[in-house]
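A structural walkthrough
The chain contents come next:
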Amino acid sequence: WHRMVKQAMLRTADFVICRYKFLFLEFSPRSVMFSGWVGDQDPTFDGLQEALKRYLQSAWDGYANFGSDIGGYRSGNGTLGRSRELFLRWAQLGAFSPLMENGGNKEHRPWMFEPSVETTAIYKKYVSAHLMLVPYLLSTGSKAYETGTSSITPLAKHNDFIDKVHVITITVHYCINLERLDV
């Protein structure tokens, strides 16, 4: 089955979006997954940090492309289910991720967060940044898929990160190589 899907993908411009891992179980083998998401996080800053950790784990595991639900997938407290600040911080992460996705439980429309005009303008700025990166992300993501690598390269080594994850607070960084981006 997986071989057949991979062959079909290589013959077309279509791609498959899948959830790749949860609790260390593979839902989608890397060989058939062009782009996926890193699970269903809570709409909290801890959820955002969990998404970042899963970005790194995805990259170390060789998944080509991935993203997370902006603002978290699960429902939170209040009418909107997440704070404006969290929503915009997550949009910043999404803008520089291979997959920028806006979805999940409760509210994810930027104009619903007060002040709505300002929130929408900020959100649009990050959507525009992501759209400018699309040619680069498609090129890098395709190469990563073909070579069995990731389009994101974590600055931390896997063992260094895993050994320290429960000991200290970690600031998570990753780089996008913009040398090939003509802006």
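Our subject in this report is the structure included herewith. Source: prediction; values computed, not measured.

With that settled, the discussion passes to the side chain of Ser 68. With respect to the helices, strands and loops of the structure, Ser 68 is situated in the loop between strand E5 (66-67) and helix H3 (84-95). With a relative accessible area of 2%, Ser 68 lands in the buried category. When sequence neighbours within four positions are dropped, the list of residues in contact with Ser 68 reads Val 38, Gln 41, Ala 51, Tyr 55, Trp 90, Leu 93, Leu 99 and Glu 101.

This part takes up unusual backbone geometry. Excluding glycine, most residues fall at negative phi; most peptide bonds, likewise, are trans. Note that the residue after Glu 114, namely Pro 115, is joined by a cis bond; omega there is -10 degrees. Backbone geometry at Lys 106 places phi at a positive 60 degrees, although glycine is not the residue there. By secondary structure assignment, the location of Lys 106 is in the loop between H3 and helix H4 (116-147).

What follows is about the side chain of Ser 58. In this fold, Ser 58 is placed in helix H2 (residues 45-60). A residue is classified by how much of its surface remains accessible, and Ser 58, at 0% relative accessible area, is buried. Polar side-chain contacts of Ser 58 include one of 2.7 Å to the backbone oxygen of Arg 54.

We now examine the pattern of salt bridges. Pairs can form between side chains of opposite charge whenever their charged atoms are close. For the structure shown, the criterion picks out 4 salt bridges. A salt bridge links Glu 50 to Arg 54, with the nearest nitrogen and oxygen atoms 3.0 Å apart. Placement of the pair is Glu 50 and Arg 54 together in helix H2, with a separation of 4 residues, close to one helical turn. Accessibility expressed as a relative area gives 18% for Arg 54, which makes it buried. Of the charged contacts, one joins Glu 107 and Arg 109 as a salt bridge, the two residues approaching to 2.7 Å between their closest N and O atoms.

With the rule as written, the count across this model stands at 3 aromatic pairs. With a centroid separation of 5.4 Å and 20 degrees between ring planes, the pair formed by Phe 87 and Tyr 123 is classed as stacked. With Phe 87 in helix H3 and Tyr 123 in helix H4, this residue pair connects regions lying 36 residues apart in the sequence. A single burial state applies to Phe 87 and to Tyr 123, both of which are buried. Aromatic ring contacts, followed pair by pair, group Phe 87, Phe 113 and Tyr 123 into a single cluster.

The rules behind these values
Residues numbered from 1 in each chain as written. Predicted model: local features only at pLDDT ≥ 70, side-chain atom pairs only at ≥ 80, totals over all residues. Heavy atoms only, no water. Helix = DSSP H or I, 4+ residues; strand = E, 2+ residues; numbered from the N terminus. Buried < 20%, exposed > 50% of the residue type's maximum accessible area, 1.4 Å probe, protein only. Contact = heavy atoms within 4.5 Å. Polar contact = N/O pair within 3.5 Å; in protein donor to acceptor, adjacent residues only side chain to side chain. Salt bridge = Lys/Arg side-chain N within 4 Å of Asp/Glu carboxyl O. Phe/Tyr/Trp six-rings, centres within 6.5 Å; stacked < 30°, edge-to-face > 60°.

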